[in-house]
Amino acid sequence: MEPPHRVVLLAGPSGSGKSYIAHRTGLPVLCLDDFYKDGDDPTLPRRHDRIDWDSPHAWDAGFAVETIARLARDGKAEVPVYAIGEDRRVATRTFDLAGSPFFVAEGIFAAEIVAQCRDLGLLAGAYALRRPRGATFLRRLTRDLAEQRKAPGVLLRRGLTLLREEPAVLRRQTGLGAEAARAREVLRRVAALLAGHPRRT
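Residues numbered from 1 in each chain as written. Predicted model: local features only at pLDDT ≥ 70, side-chain atom pairs only at ≥ 80, totals over all residues. Heavy atoms only, no water.

1. Thoughts on helix H2 (residues 61-74)
Taking 1.5 Å as the rise per residue, H2 with 14 residues should run 20 Å; its terminal C-alpha atoms sit 20 Å apart, in good agreement. Taken together, the buried positions of H2 are occupied by Ala64, Val65, Thr67, Ile68, Leu71 and Ala72. For H2, the angular spread of buried residues about the axis comes to 160°, placing them on one side. Glycine 75 occupies a position one or two residues after H2 and carries a positive phi of about 85°. (Helix = DSSP H or I, 4+ residues; strand = E, 2+ residues; numbered from the N terminus. Expected span 1.5 Å × (residues − 1). Buried < 20%, exposed > 50% of the residue type's maximum accessible area, 1.4 Å probe, protein only. Arc of directions from axis to C-beta.)

Here it is in structure tokens:
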């Protein structure tokens, strides 16, 4: 039986505007970045003697799917609050769908759970947001500097690495089942989904 609520997964390279587009849909938005592992977790992957936060193994996919399933079933759930500057979860909060039949779960690793969400009957759609690479680089660097996520030098080096790796990121996300789409296409698909669903409140 179809659950009362279903999820739209929104992936895309870091800095591609996932959060902005997710909120523009008008749906409740679950931030999947809050499901990163804590910085002292021994299972965190490493690259060049540093924690590789861009690896999906730095993220707790099982916990994310479990939370999405609870939201789909109950309409609300306790979710973590993650402080990126501190590399750890600092609190929890209640996330309530307020009766919406759909919600968006957005994050760079959203595509990693497409198959699981589909198999569980939770999936309403899955997209990988694509934008020009230069625009994504500038958006990401501006955001990270403004939020003081890491030291400026670290952010610049990471940004250049991600710029080079962006095509491979999108290939991986689409290979995992997310459909490559520009922002306006995502918004149009979500609007059509809502228009065809009589239970929206």
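2. Quick look at the sheet that holds strand S7 (residues 102-106)
Taken together, the 5 strands give an open sheet; going across it, the order is S2-S7-S1-S8-S9, and neighbouring strands pair in parallel fashion. Two strands lie at the open edges of the sheet, namely strand S2 (29-31) and strand S9 (179-181), each paired on one side alone. Ignoring strand direction, the axes of neighbouring strands in this sheet form an average angle of 30°. Bridge analysis of strand S8 (residues 123-129) against S9 gives 3 bridges, and the strand direction is parallel. Its bridge partner being in S9, leucine 129 is matched across the sheet by alanine 181. (Pairing = 2+ DSSP bridges. Axes fitted to C-alpha atoms, helices over the stretch in contact; angles between N-to-C directions.)

3. A short note on the nonpolar core
Counting residues in each nonpolar core, the largest one holds 36 residues, and the members touching the most others are Val7, Leu9, Leu30, Leu32, Ile68, Ile113 and Cys117. Looking at this core, the element that brings in the most residues is H2, giving 5 residues. Excluding residues within four positions of it along the chain, isoleucine 113 makes contact with Leu9, Leu32, Trp59, Ala61, Val65 and Ile68. Core analysis: the next-biggest nonpolar cluster, separate from the first, contains 17 residues, Ile21, Ala22, Ala181 and Val186 among them. (Core = buried A, V, L, I, M, F, W, Y, C linked by side-chain atoms within 4.5 Å. Contact = heavy atoms within 4.5 Å.)

4. Some words on the pairing of strand S6 (residues 88-96)
Here strand S5 (residues 76-83) pairs with S6 via 8 bridges, running antiparallel. By the bridge assignment for S6, lysine 76 is matched with aspartate 96. With antiparallel pairing between neighbouring strands as the criterion, S5 and S6 make up a hairpin whose turn holds 4 residues, including aspartate 87 at a positive phi of roughly 55°.

5. Notes on unusual backbone geometry
Despite not being glycine, histidine 48 has its phi angle at roughly 55°, a positive value. Examined against the element boundaries, histidine 48 turns out to sit in the loop between strand S3 (46-47) and strand S4 (50-51). According to the relative accessible area criterion, histidine 48 is exposed, its value standing at 68%. A positive phi angle, near 65°, is found at aspartate 49, a position not held by glycine. Note on aspartate 49: relative accessible area 71%, which makes it exposed.

All quantities given are derived from atomic positions and should not be read as evidence of function.
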